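# Geometric and topological summary
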Amino acid sequence: MNAQNNRDSLNAQQQGLITIAALTATGDQENLKVQFYSALDAGLCINAIKEALTQLYAYCGFPRSLNAISTFKAVLDKRKAKGIPDSIGKEIVVENAVADKYEQGRKVLEALTKTPQAKPAPGFGEFAPRIDAFLKEHLFADIFASDVLSFQQRELVTIAALAAMPGVEPQLKAHISMGRNCGITEDQLTQVAELIEKNVTKTQANVLRTLLSKSPAPVTEPEMMVRISEIEVVPEHLEAYKNILKEEAATSIQIEPGVIAIFPMYQQDSPTQVRIIEIYANREAYQSHLQTPHFLHYKTATLKMVKSLKLTDMNGIDKETMPQLFKKLK
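The shown structure was predicted, so the numbers you read here are calculated from the model rather than taken from an experiment.

## Considerations on unusual backbone geometry
Of note, the amide linkage connecting lysine 119 to proline 120 takes the cis form, showing an omega dihedral of -5 degrees. Relative to the elements of secondary structure, proline 120 occurs in the loop between helix 6 (101–113) and helix 7 (124–127). Not every positive phi belongs to a glycine, and lysine 114 is a case in point at roughly 55 degrees. Note that lysine 114 resides in the loop between helix 6 and helix 7. According to the relative accessible area criterion, lysine 114 is exposed, its value standing at 59%. Look at serine 213: it is not a glycine, yet its phi comes out positive at around 60 degrees. Along the chain, serine 213 falls in the loop between helix 12 (202–211) and strand 1 (225–233).

## As for the packing of helix 2 (residues 12–26) against helix 4 (residues 46–60)
In contact at an axis separation of 10 Å, helix 2 and helix 4 are set at 40 degrees when each is read in the N-to-C sense. Comparing the axis directions of helix 2 and helix 4 gives the class oblique. Like other packed secondary-structure pairs, helix 2 and helix 4 cross with a definite hand, here right-handed. Contact residues: Leu17, Ile20, Ala21, Thr24 and Ala25 in helix 2; Ala48, Ile49, Ala52, Leu53, Leu56 and Cys60 in helix 4. Its residues placed into classes, the contact of helix 2 with helix 4 shows ten nonpolar, one polar and no charged.

## Observations regarding a nonpolar patch on the surface
A cluster of nonpolar residues, Phe263, Met265, Leu325 and Phe326, forms a patch on the protein surface that exposes about 340 Å² of accessible area. Among the structural elements, phenylalanine 263 can be located in strand 2 (residues 259–267). The exposure class assigned to phenylalanine 263 is partly exposed, which follows from its relative accessible area of 39%.

## A closer look at the packing of helix 4 against helix 9 (residues 151–164)
How two helices pack is summed up by the angle between their axes together with the distance between the axes. It is at 10 Å that the axes of helix 4 and helix 9 come closest, and there the two elements cross at 50 degrees. If you check the angle between helix 4 and helix 9, you find them oblique. Of the two elements, helix 4 crosses helix 9, and the hand of that crossing is right-handed. Across the interface between the two elements, Glu51, Ala52, Gln55, Leu56 and Tyr59 of helix 4 pack against Arg154, Val157, Thr158, Ala161 and Leu162 of helix 9. The class makeup of the residues in the contact of helix 4 with helix 9 is six nonpolar, two polar and two charged.

Rules used in this analysis
Residues numbered from 1 in each chain as written. Predicted model: local features only at pLDDT ≥ 70, side-chain atom pairs only at ≥ 80, totals over all residues. Heavy atoms only, no water. Helix = DSSP H or I, 4+ residues; strand = E, 2+ residues; numbered from the N terminus. Buried < 20%, exposed > 50% of the residue type's maximum accessible area, 1.4 Å probe, protein only. Axes fitted to C-alpha atoms, helices over the stretch in contact; angles between N-to-C directions. Parallel < 35°, antiparallel > 145°, perpendicular 65-115°, else oblique. Left-handed = near helix turned anticlockwise from the far one by under 90°. Contact = heavy atoms within 4.5 Å. Nonpolar A, V, L, I, M, F, W, Y, C, P; charged D, E, K, R; others polar. Patch = residues over 30% accessible without salt bridge, like charges linked within 9 Å, V, L, I, M, F, W, Y side chains within 5 Å. Areas by Shrake-Rupley, 256 points an atom, 1.4 Å probe, with all protein chains shown as cover. Salt bridge = Lys/Arg side-chain N within 4 Å of Asp/Glu carboxyl O.

On their own, these measurements won't tell you what the molecule is for.
Dropping the structure here:
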């Protein structure tokens, strides 16, 4: 039984790859930096992380892949300066001299899908042959030619990245199937959803859960905290205050999973009267928010700018509709 439990649990290195992939896909450089430290401390080698970040450009684009690689290099430089040794790992293969890369990639895709792959791919491949060629010759041939990551590790990376991004359910569904073919278990896929919830959002985790035929987790919790902050700003500090508040609100939404909304506004007829709708997953998320560097900076930097502050806790009348709150703004 213990052996079965160990087999079905994601180890620390697998969790590192999954979290790095998800944060790379969402462009969350601050939390990605933290996860690079954790993954390296867990024994994930440098070249395995490099290979994952290289593969990810095919799924989330060059900008986010390159940003993640730059962040990773900065982390390694700091660790090296502190004398922290990190394993390089297996050498990355940089050449793939085969006669027919399309055929090589097609066979790799057949191994992953356990399904015959027509040439060209039906539908998109017939309509746009060049994208079919890039898919087979570059992604599944050139990139997959390196054995620094196994097929199973590559599918964990891909599933995590796709699960973190909205609007790619068909591709996520396909790679879930490939992951299963590579030996990823149902329990491990469920753990991937838990990591997506922890590091991205519960909404994105629920996309993966739905494709796994699992019950989605409630987006709103019974102990969800809703507050309206009523602030009067000293007139001569108004523009500086708004700039600091805007940065704090944006950072909170971007990097704090427990912050559902921080929506600042001001009265049209009285711009110094600022109102902020704040929604937190629970009171614990709110208390955590109060300790973040960006909130502490906001609090200290605006101390002399605020003339008055009133905090009013609220209860929602229609909590079932709350998940749709900002959906139409997309």
